[in-house]
Amino acid sequence: MNARTRWSRGVVGVALAALGMSALAACGSGEDSGGGGVTTLTMTVWGGDVDKTSYQERVDMLEKAHPDIKVKLQLIPSDQYEQKVQTMIAGGNGPDIMQVAEGVNVYSSKNQILPLDEYVSKSGMDLDERFGPTGSLYSYQDKVYAIPDRSGAMIVYYNKDLFDAAGVDYPTADWTQEDAQTAMEKLTVPGKQWGYGGAGWWAQWWSFAYQNGGQIIDDSGAPTVNTPEVVDALQWANDLTFKEHVVPTAAEYADMGPDMGGDPAFAAQKVAMNTTGFWAIGGLLESDFDWDIAPMWQGDEQAVSAFGSGLAISRDSEHADKAFEAIDYLTDAEAQQVIIDNAQDVPANVQVQQSDAFLEPEWATKDINMGAFAESSDFVFTSPLIPEWNEMQATFDDNLGTFWNEGGDAKTQLDAIQTKLESIVGQG
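Residues numbered from 1 in each chain as written. Predicted model: local features only at pLDDT ≥ 70, side-chain atom pairs only at ≥ 80, totals over all residues. Heavy atoms only, no water.

Colleague: Looking at this structure, how should I read the environment of Glu 318?
Modeller: With respect to the element layout, Glu 318 can be found in the loop between β11 (306-313) and α14 (320-330). For Glu 318 and Gly 94, which are 224 residues apart along the polypeptide, the C-alpha to C-alpha distance reads 10 Å. (Helix = DSSP H or I, 4+ residues; strand = E, 2+ residues; numbered from the N terminus.)

Here it is, written out as structure tokens:
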């Protein structure tokens, strides 16, 4: 599940080891158990121990509040999730409720998940009121295919000790890309410390592209990755490494230790600032330096990437009404609070994001500016969650690897990518 690997690396861990093809075949869609009108639903999610605990706790709450619903929860490792769920659906045994993310329209384009507009309307759910700017995140071609469940915008982690030592003001949403680069330069100590962790992940450099007025896929559905706005943004992100030397090269990261990147390098105080998501917090709670988070700088166009996951209903569900009833409960405030109580992620529900439980979490070992997530979310742009999402990301990975590792010309790389995307996605 390539599109989710980076997003979920902080939570992916132990999974159900005994999961096999026989288990998949046995799951199927929900069925009436015959026990007093109880409807049994299956629900697939990905992740590790924290996810298993959190989802089960929410399911337990659901079953207590809705005694007529029982949910069989199935946890699948993130790198196997899409393949296994596709196998279930192909066999006519798709789950009733399934976790989805950027690849949501891989499913919807094949009619593997149901449009939810009728259920949303019937339930009276107000997507904008419940989820704010991310309420329409899983809408495609004027139809809603998933309800937001976990959601977080890109934020900035910064080392307050290093900022103070360099005499640099802390980051704010008002920073431009020029402001950010100036800070990176002042925070860099050649060969010892770098100002920024880098922007090789799609959610990072896409933010810069949209801040620069660009688009990856335009409003007509055509690829636009080689436009001047996107080219300039990608070149700027790469020049931070190979021209400005304020971001470690791949070789410099390798010298720091195995599996080193922006998140662990920030925790090791090798980089003073890093842009990433909620998952990095857990590894910093016992750190011995002063750090905090800030909203993502906005640039001229005020654009920030968002990522997360939603809950969808597969076409195989024989109890779609009950499945949506369950989703409605799981995404309402009471059940969503579990997500932050367990330090799992950012709940999609804005009421919870604005609550003391989120802004001052009990597990926090220091004051953390948790309001940065909501402030960044105010400027979230709608990512093109196209049906060809996996092919698009593979094209970026295949053609930008050398560029990120060794430097190069963004226009040359994006021209080649544009040609490939036009054959994959079309030209609108």
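Colleague: Mind showing me how you'd approach the packing of aromatic side chains here?
Modeller: Geometry of an aromatic ring pair is reported as the spacing of the ring centres plus the angle between the planes. Tallied over the full model, the rule gives 27 aromatic pairs. Measuring from centroid to centroid gives 6.1 Å for Trp 201 and Trp 202, while their planes differ by 70°, and the two rings are edge-to-face. The pair Trp 201 / Trp 202 is uniform in exposure class, with both members buried. Relative to Trp 236, the ring of Phe 208 lies with its centre 5.1 Å away and its plane at 85°, an arrangement referred to as edge-to-face. Of this pair, Phe 208 sits in helix α10 (residues 202-211) while Trp 236 sits in helix α11 (residues 228-242); the two residues are 28 residues apart in sequence, bridging distant segments of the chain. Ring pairs connect the aromatic residues Trp 201, Trp 202, Trp 205, Trp 206, Trp 279, Phe 307, Trp 389 and Phe 396, which therefore count as one cluster. In this structure, Lys 366 is placed above the aromatic ring of Trp 291, and the distance from its NZ or CZ to the ring centre is 4.7 Å. (Phe/Tyr/Trp six-rings, centres within 6.5 Å; stacked < 30°, edge-to-face > 60°. Buried < 20%, exposed > 50% of the residue type's maximum accessible area, 1.4 Å probe, protein only. Lys NZ or Arg CZ within 6 Å of the ring centre and 35° of its normal.)

Colleague: Can you walk me through the nonpolar core in this structure?
Modeller: A general feature of soluble globular proteins is that nonpolar side chains tend to end up buried together. Formed by 100 residues in total, the largest nonpolar core has its most connected members in Trp 205, Ile 216, Ile 281, Trp 291, Trp 297, Met 370 and Phe 396. Apart from residues no more than four positions distant in its own chain, Phe 396 is found in contact with Trp 205, Trp 206, Ile 216, Val 225, Ile 417 and Leu 421. Grouped together as the second largest cluster of nonpolar side chains are 29 residues, Met 125, Leu 311, Ile 313 and Ala 323 included. (Core = buried A, V, L, I, M, F, W, Y, C linked by side-chain atoms within 4.5 Å. Contact = heavy atoms within 4.5 Å.)

Colleague: Looking at this structure, I do not really get helix α9 (residues 177-187). What am I missing?
Modeller: Counting along an α-helix, one turn takes 3.6 residues, and residues three or four places apart therefore face a common direction. Along α9, the positions that sit buried rather than exposed are Gln 177, Ala 180, Gln 181, Ala 183, Met 184 and Leu 187. Projected onto a plane normal to the axis of α9, the buried residues spread over an arc of 160° and lie on a single side. Relative to its buried face, α9 has exposed residues pointing more than 90 degrees away, namely Glu 178 and Lys 186. The inward-facing, buried residues of α9 abut α8 (160-166), α10, α11 and β9 (273-276). (Arc of directions from axis to C-beta.)

Colleague: Would you mind going over unusual backbone geometry with me for this structure?
Modeller: Outside of glycine, negative phi angles account for most residues, and trans bonds account for most peptide bonds. The phi angle at Asp 142 is positive, at roughly 65°, despite the residue not being glycine. Mapped onto the elements of the fold, Asp 142 is located in the loop between β5 (139-140) and β6 (143-144). The residue His 245 is not glycine, and still its phi comes out positive at about 60°. Assignment of secondary structure puts His 245 in the loop between α11 and α12 (250-256).

Colleague: Please explain the pattern of salt bridges as it appears in this structure.
Modeller: Per the counting criterion, the structure on display carries nine salt bridges. In this structure, Lys 411 engages Asp 415 in a salt bridge whose closest nitrogen and oxygen atoms are separated by 2.8 Å. Residue Lys 411 and its partner Asp 415 are located together in helix α20 (residues 410-424), separated by four residues, close to a single helical turn. A relative accessible area of 37% means that Lys 411 is categorised as partly exposed. Linked through salt bridges whose partners overlap, the residues forming this network are Asp 51, Arg 150 and Asp 345. (Salt bridge = Lys/Arg side-chain N within 4 Å of Asp/Glu carboxyl O.)

Colleague: In this structure, what is going on with the packing of α11 against α20? I would like to understand it.
Modeller: For the pair α11 and α20, interaxial distance at closest approach is 9 Å and the crossing angle is 125°. Between α11 and α20, the crossing angle belongs to the class labelled oblique. Crossing of α11 against α20: the hand is right-handed. Each of Val 230, Val 231, Leu 234 and Gln 235 in α11 lies in contact with α20, whose residues at this interface are Ala 410, Lys 411 and Leu 414. By residue class, the composition of the contact of α11 with α20 is five nonpolar, one polar and one charged. (Axes fitted to C-alpha atoms, helices over the stretch in contact; angles between N-to-C directions. Parallel < 35°, antiparallel > 145°, perpendicular 65-115°, else oblique. Left-handed = near helix turned anticlockwise from the far one by under 90°. Nonpolar A, V, L, I, M, F, W, Y, C, P; charged D, E, K, R; others polar.)

Colleague: I tried to follow the pairing of strand β4 (residues 97-100) on my own but got confused; where do I start?
Modeller: Moving residue by residue along a regular strand, the side chains alternate between the two faces of the sheet. The alternating pattern of β4 places Ile 97 and Gln 99 and Met 98 and Val 100 on opposite faces, both of which are buried. Pairing analysis gives two bridges linking strand β2 (residues 39-46) to β4, with the strands arranged parallel. Its bridge partner being in β4, Met 43 is matched across the sheet by Ile 97. Sheet topology places β4 next to β11; four bridges connect them, and they run antiparallel. (Pairing = 2+ DSSP bridges.)

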